[in-house]
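Structural features, examined
Read off the chains here:
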Amino acid sequence: MTSHIDTCGLSCPQPVLLFLTALRKTEAKEFDVLVDNEVSRENVTRAAENHGCHVTAHQEGNDVTRLHIAKN
Amino acid sequence: MKSLRNIFVSPAGIILTGAIIGLLAILLQHYGNPGNMGICVVCFNRDIAGGIGLHRASVVQYLRPEIMGMLLGAFVAALFFGDFRARGGSSPITRFLLGVIASIGALVFLGCPWRAILRLAGGDGNALFGFAGIFVGVGIGTLFFRQGFSLGRNTTQHRASGFVMPLIMLALVLLYLLYPPIAGQEKNGVLFYSLKGPGAAHAPFLLSIGIGLLVGFLAQRSRFCTMGAIRDVILFRHWHLALGLAAMLLAALVANVALGSFKPGFEGQPIAHTQSLWNFLGMVTAGLAFALAGGCPGRQIFMAGEGDNDAAVFILGLIVGAALSHNFDMASSPAGIAANGAVAAIGGLVICLLIGITNIRRGA
């Protein structure tokens, strides 16, 4: 099961908070997190890696990146 | 570009940024900026408000080039590295109000978080109460975020809107150059200048703006934020930004000791008062306002340089709030809090709590 999280337009600390809440509270093993700026991308990536997850980034549009995050 | 970007967002990058800001702030003090006020984002916006005549407190009027430099430095870095994106529309009027309250609270303490660090690094024990206040204020903010607090999503705006704040800063630089300070004159052209007090203490223009540009550039790249440092530790146990804050404190402390300007104590500290309760409560109010707005005043400057319209509105709130602080007798002085300082700090806190409660959204 993949959990989908759209953080576009949200500012700190909400993108990381939404991801970490999903990481703790859902059964999902994989997460697709949409980010629309570099800061959110860096912060969510750093948080995921701190929790032992593997992150791959896919460019979705001009500003939007989809971070595919897999729990180890 | 990518590798350079990674260097700045690494732990080494944020530590380097914090240390450089700490050192440069003490350098600015050494070359003329007020005591323990190498860079203070709230005080300097207050001085700008005085410089353009929004308040007439004669001791705090000066168009601080550091602020213009910081925003323009961040603007250049954001353009160069592809981070510039005009965005906005996330509760702008609420953010304006948060800026006003942040300024009022910080001026009860007499400093933004950057100055709290510099005051501590100079040995001012009163700053400990300010710091405790920031921790509590930001801590209350994290409770709201845990409950689903959000000022809503921003959307992409027309690119031109992102240039407005940098152009306002450029206009201020041009005004300064057109009407520079003249010894013994309290006005040149349209600009007001202090002849005594903190507003009369300033480093040379080129040093101020040069350091501002460098600080803005580095902080934009590394995402340096003092409020974020504390928030991330409380909310996530993430220490990344806190490394920057610690590096700034340590570097400023070492520089002060080396220059003989470290003077530990509570009494007679530069531009500070000893009313601990109000040093604390002023910063609880300001800390909560920073947390709800998503960044310390410095970070808001850098985000405004990246094209963030909402951060720009917060900065305008800071400037207006600083003017109101002085016009309405709310801003403290070394003698202590002002007649309306206590009401302002408590009233601001109540408004922030109301903003927090009324913006809790589920599933936003």
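Here's what I pulled together on the structure shown here. Fair warning: this is a prediction, and the values are worked out from it, not measured in the lab. (Residues numbered from 1 in each chain as written. Chains lettered and ligands numbered in written order. Predicted model: local features only at pLDDT ≥ 70, side-chain atom pairs only at ≥ 80, totals over all residues. Heavy atoms only, no water.)

1. Here we look at the overall build of chain A
Per the secondary structure count, chain A includes two helices and four strands. Relative to its length of 72 residues, chain A is compact, with a C-alpha radius of gyration of 11 Å against a globular reference of 11 Å. Over its C-alpha atoms, taken along the principal directions, chain A stretches across nearly 30 × 20 × 20 Å. Among the 72 residues that make up chain A, the fraction classed as buried is 50%. (Helix = DSSP H or I, 4+ residues; strand = E, 2+ residues; numbered from the N terminus. Rg over C-alpha atoms; globule rule 2.2 N^0.38 Å. Buried < 20%, exposed > 50% of the residue type's maximum accessible area, 1.4 Å probe, protein only.)

2. As for the environment of Lys187(B)
All names here are of chain B. Structurally, Lys187 is set in strand β3 (residues 187-188). Lys187 gets classed as partly exposed once you look at its relative accessible area, which sits at 40%. Between the C-alpha atoms of Lys187 and Gln61, which are 126 residues apart in sequence, the distance is 9.9 Å.

3. A look at the interface of chain A and chain B
Each partner contributes residues to the interface: chain A has 21 residues there, and chain B has 20 residues. Summing both sides of the interface, chain A and chain B together bury roughly 1800 Å²; the carbon and sulfur share of this comes to 52%. Broken down residue by residue, the surface that chain A buries against chain B is led by Pro13(A), Leu17(A) and Arg46(A), which jointly contribute 25%. At the boundary of chain A with chain B, the tally comes to three salt bridges. The partner of Arg85(B) in a salt bridge is Asp36(A), with the nearest N and O atoms 3.3 Å apart. Seen at the junction of chain A and chain B, the total is eight residue pairs in polar contact (both at pLDDT 80 or more). Among the elements that make up the side of chain A that touches chain B, the one with the highest residue count is helix α2 (residues 38-50) of chain A (six residues). Considering only residue class, the side of chain A that touches chain B consists of nine nonpolar, six polar and six charged. (Contact = heavy atoms within 4.5 Å. Buried area = accessible area lost by both parts, 1.4 Å probe. Salt bridge = Lys/Arg side-chain N within 4 Å of Asp/Glu carboxyl O. Polar contact = N/O pair within 3.5 Å; in protein donor to acceptor, adjacent residues only side chain to side chain. Nonpolar A, V, L, I, M, F, W, Y, C, P; charged D, E, K, R; others polar.)

4. Topic: the packing of aromatic side chains
Residue and element names in this part refer to chain B. Across all of its chains, the model carries 12 aromatic pairs over all chains by this definition. Ring centres 5.2 Å apart and planes at 90° place the aromatic pair Phe145 and Phe149 in the edge-to-face group. Each member of the pair, Phe145 together with Phe149, is buried. An aromatic cluster is present here, built from Tyr62, Tyr176, Tyr193 and Phe205 joined pairwise through their rings. The side chain of Arg64 reaches across the aromatic face of Phe44, ending 4.5 Å from its centre. Over the ring of Phe81 we find Arg221; its NZ or CZ atom is 4.0 Å from the centre of that ring. (Phe/Tyr/Trp six-rings, centres within 6.5 Å; stacked < 30°, edge-to-face > 60°. Lys NZ or Arg CZ within 6 Å of the ring centre and 35° of its normal.)

5. With respect to a positive patch on the surface
A surface patch of like charges, here positive, comprises Arg24(A), Lys25(A), Arg146(B), Arg237(B) and Arg362(B). Position of Lys25(A) among the secondary structure elements: in helix α1 (residues 14-25). In this structure Lys25(A) comes out as exposed when scored by relative accessible area, which is 71%. (Patch = residues over 30% accessible without salt bridge, like charges linked within 9 Å, V, L, I, M, F, W, Y side chains within 5 Å. Areas by Shrake-Rupley, 256 points an atom, 1.4 Å probe, with all protein chains shown as cover. Lys, Arg positive; Asp, Glu negative; His and termini not counted. Charge placed at Lys NZ, Arg CZ, Asp CG, Glu CD.)

6. Brief notes about the sheet that holds strand β4 (residues 65-70) of chain A
Residues and elements named next belong to chain A. The four strands are arranged β1-β2-β4-β3 in an open sheet whose pairing can be described as mixed. Every interior strand has two partners, whereas the edge strands, β1 (2-6) and β3 (54-59), have only one. In this sheet, adjacent strand axes meet at a mean angle of 20° when their direction is disregarded. In the sheet, strand β2 (residues 30-35) pairs with β4 via six bridges, with the strands oriented antiparallel. (Pairing = 2+ DSSP bridges. Axes fitted to C-alpha atoms, helices over the stretch in contact; angles between N-to-C directions.)

7. A closer look at the packing of helix α7 (residues 126-146) of chain B against helix α10 (residues 226-236) of chain B
Residue and element names in this part refer to chain B. Closest axis-to-axis distance for the α7/α10 pair is 9 Å, and the angle between their directions is 55°. One finds that α7 runs oblique with respect to α10. The two elements α7 and α10 meet at a crossing, and its hand is right-handed. Mapping the contact onto sequence places Ile134, Phe135, Val138, Gly139, Thr142 and Arg146 in α7 and Met227, Ile230, Arg231, Ile234 and Leu235 in α10. (Parallel < 35°, antiparallel > 145°, perpendicular 65-115°, else oblique. Left-handed = near helix turned anticlockwise from the far one by under 90°.)

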